[in-house]
Amino acid sequence: MRVLVTGASGFLGKAVVRAAAAAGHRVVALVRPTADVSNLGWPDNVEVIKGDLRQMGAWRDHLDVDLVIHLAAAPSGDIATQFAGTVQATENLLDSLPLRSLRRFIHISSFSVYDYSIRPKHGIIDEATALESQPQARDAYTITKMLQESLVIDRCDDTGLECVIIRPGAIYGPGKDWDCGTALSFKSFDLLFGPLGAFRLTYVDNCADAIVRAIDADVGKARVFNIVDDECPSLWKYHNACRRAGARAGFVIPVPWLLIAALGRMVRLVNRLAFRNRAKLPELLEYRRQQARWRPLRYSNALARNVLGWTPSVKLAEGVARTVVKKADSAG
Amino acid sequence: MSVGVADNRLKVAVVGCGGIANEHLPYLASSPLAHLVGVCDTSRATAMFAQTRFGADGFFLDAQEMLQSTQPDVVHVLTPPQSHGALVSMSLKAGAHVICEKPMTASASETAELLALAKTCGKWLIESRNLLFNDNVIKINGLVEDGTLGEIREVDLLLSLDLNAGPFGDLNLEGPGVQLPGGAVQDFLPHLAYLFLHFAGAATSAGRVCGILENLSGNARVGFDHLDALVLSDNCRGRLRISSDLKPDMFRLIVRGSKGIAESDFYNPYLRVQLSEDSGKWAPFEQVRAGYRLARSGFGNLRDKVLQHGTYHGMPRMLDAIYKALASGGSSPIAASDIEATAALVDALVALRSTR
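Cut-off values and rules
Residues numbered from 1 in each chain as written. Chains lettered and ligands numbered in written order. Predicted model: local features only at pLDDT ≥ 70, side-chain atom pairs only at ≥ 80, totals over all residues. Helix = DSSP H or I, 4+ residues; strand = E, 2+ residues; numbered from the N terminus. Rg over C-alpha atoms; globule rule 2.2 N^0.38 Å. Contact = placed C-beta atoms within 7 Å. Nonpolar A, V, L, I, M, F, W, Y, C, P; charged D, E, K, R; others polar. Pairing = 2+ DSSP bridges. Axes fitted to C-alpha atoms, helices over the stretch in contact; angles between N-to-C directions. Domains from an automatic or database assignment.

Draft legend 1. Seen up close, the overall build of chain B. Within chain B, the secondary structure is distributed over ten helices and 13 strands. For a compact globule of 356 residues, the expected C-alpha radius of gyration is about 21 Å, and chain B comes in at 21 Å, within 12% of that figure. Along the longest, intermediate and shortest principal axes, the C-alpha atoms of chain B span 70 × 50 × 40 Å. The long-range fraction of contacts in chain B, counting pairs at least 24 apart against all pairs at least 6 apart in sequence, stands at 68%.

In structure tokens:
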């Protein structure tokens, strides 16, 4: 199948291109013009197209594909920057694609779209969990990822195109270790918030494998798939795993979730009473954002395993070892 | 459906819902003087988002259609500069007052044409100059007006901001970052020009200009990223500088008079006032006092950061002044002659272009 991968030079995009090509698909990899693809080692069945979805450009001449895997997004910057790189970019892509002739559109969303302020049934976040009802109370990333997902679903529904939404957890791997789960570091001390809560991790190659399986899996009526590995370790366990693998992790200071939540609630009350909710605070102090990141919950990947036939092959110890080795190589 | 004061509110439409619209729309969504009847953007997702977020009655993809459909009293033109001329003209002819983001046009002659059209239509045409309404500019105004600083002799405006790092210099995008003869520098230049003219008291004369406007980075998209100019008006002189290769980012305003100096910064605001009596043996005391005030400013800036009282905090104040004047039938807080003088000074500065 001829597959367009947007955001192909990103952290997950590179792995998706490799996995799709390895699965025998002819990949059209859309990368930004300034991206260096010379050392990525992509095979010959990968056609590299340079372009930026924020602008209608020559990339639109390469859309004779069967299927799209849409990863492109702007995960940082102010709301205008993220809106342009995530929502407008997606709008431009959807406006340019021959949607009615595509077989499927696989959209890579995020766990950030879920509502963490309501405790889900049995404390488990799965595909049926309610979506965030107040994205403006979270951050620009949540706002734009929710808008992006909704845009994709609406446009696919309008044109009768089958749409698969993949919501990965925290993707880790060589180049991205989430600071070993640390919320704050002071010299040789690492503060772990909610250290016993599960860290919704997925190793980058595992996640890419799930996405590539969604290319031709018979998904039936399922549309959304959460992607987390079988083993979602606690933040403390992940920190220990990183340290054992040789990462320069500091001495752990565990900060219980109840303490973090109490601080967040107190700050929220002060904000409401003293500042009429006008204060914009760091993630560490904003209760709704604290909940999204540190509230102790569990995560299910049952649907992805059952419907996509996905099994995360890289286990935690191996994934962490690969991540730490790469970091050490880069530092050295 | 709005009730009560709704009948007296001015119907407002916004064209362009990108970055700067996020500074206009919060005021329009909350002001008792304005009723947001429509927002327009060529991107459907952008227009819909602005409508939902700020409670506009409708969203549009075509400005002409919005004007015909909503019949606004006021139109905010917040699109990229190259599209301002046509949109301003269309809005004025549709019978609306216009508030346009800076730079309104690429040249003083185009600005004069639009102002003439506004006069013919009997409508206001206002180019935004929000920094004049920032806290410390208002305080310095007070020091000028009550004679504390004496006769104003020098006004320096020093902006350090990497124009290559933002969308203007983004090499992933094609074409020029901004379609203005002075490149990215010209996008910021009206701020420096109107502030200089305001404090220099030279509302109708650009005076003599010398200096250089150049591209130091070699980034073609940005056009020009460095300006260093001296401006000499009737009784006042000043240095206007925009640098992309200096850190940290700052936007310093220094007003020097015959009796004292006032200094502030738009990015990390503080106000330092040194008077003639603060010299000689009293200078150390002034320095201690200034240090204390600087520390207080630091705490104030921390509070402002949390409360989102940022560089654009003068915007709602400016819009409120305009809307109050419109509602009461008063005169515009930003005169057409000031807008023309600003455009003339910008023209003179852009003429310093170097081909190096």
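Draft legend 2. Representation of the overall build of chain A within the structure. Looking only at helices and strands, one finds nine helices and 14 strands in chain A. Taking 20 Å as the expected radius of gyration for a compact globule of 332 residues, we find that chain A reaches 20 Å, a close match to that expectation. The C-alpha extent of chain A, read off along each of the three principal axes, is 55 × 45 × 40 Å. Long-range contacts, defined as pairs at least 24 residues apart, comprise 76% of the intrachain contacts of chain A with a sequence gap of at least 6.

Draft legend 3. Region of interest: the interface of chain B and chain A. Each partner contributes residues to the interface: chain B has 15 residues there, and chain A has 19 residues. For the side of chain B that touches chain A, the element with the most residues is helix α2 (residues 44-54) of chain B, which contributes four residues. For the side of chain B that touches chain A, the residue count by class is six nonpolar, seven polar and two charged.

Draft legend 4. Just the environment of P81 of chain B, in detail. Residues and elements named next belong to chain B. Within the secondary structure, P81 sits in the loop between β4 (74-77) and α4 (84-93). Between the alpha carbons of P81 and D187 there is a distance of 8.2 Å; along the sequence they are 106 residues apart. Apart from residues no more than four positions distant in its own chain, P81 is found in contact with P103, A106, V178, Q179, L180 and D187.

Draft legend 5. Seen up close, the sheet that holds strand β9 (residues 226-232) of chain B. All names here are of chain B. Across the sheet, seven strands lie side by side as β8-β9-β10-β7-β11-β12-β13; this open sheet has mixed pairing. For this open sheet the edge positions go to β8 (208-214) and β13 (271-275), each flanked by a neighbour on one side alone. Here the average twist between neighbouring strands, direction ignored, is 5°. Helix α6 (residues 135-145) contacts β7 (152-160), β11 (250-257), β12 (260-265) and β13 of the sheet and is inclined by roughly 170° relative to β12.

Draft legend 6. The domain arrangement of chain B, seen in detail. Residues and elements named next belong to chain B. Looking at chain B, the domain boundaries give domain 1 (4-127) and domain 2 (132-314 + 343-350). Of note, the centres of domain 1 and domain 2, computed from C-alpha atoms alone, are 28 Å apart. A class-by-class count of the residues in the side of domain 1 that touches domain 2 yields five nonpolar, three polar and two charged.

Draft legend 7. Looking closely at the sheet that holds strand β9 (residues 184-186) of chain A. All names here are of chain A. The three strands are arranged β9-β10-β13 in an open sheet whose pairing can be described as mixed. Every interior strand has two partners, whereas the edge strands, β9 and β13 (251-255), have only one. Averaged over neighbouring strand pairs, the angle between their axes works out to 25° when direction is ignored. Across the face of the sheet, helix α5 (residues 235-244) comes into contact with β10 (189-193) and β13 while running at roughly 150° to β10.

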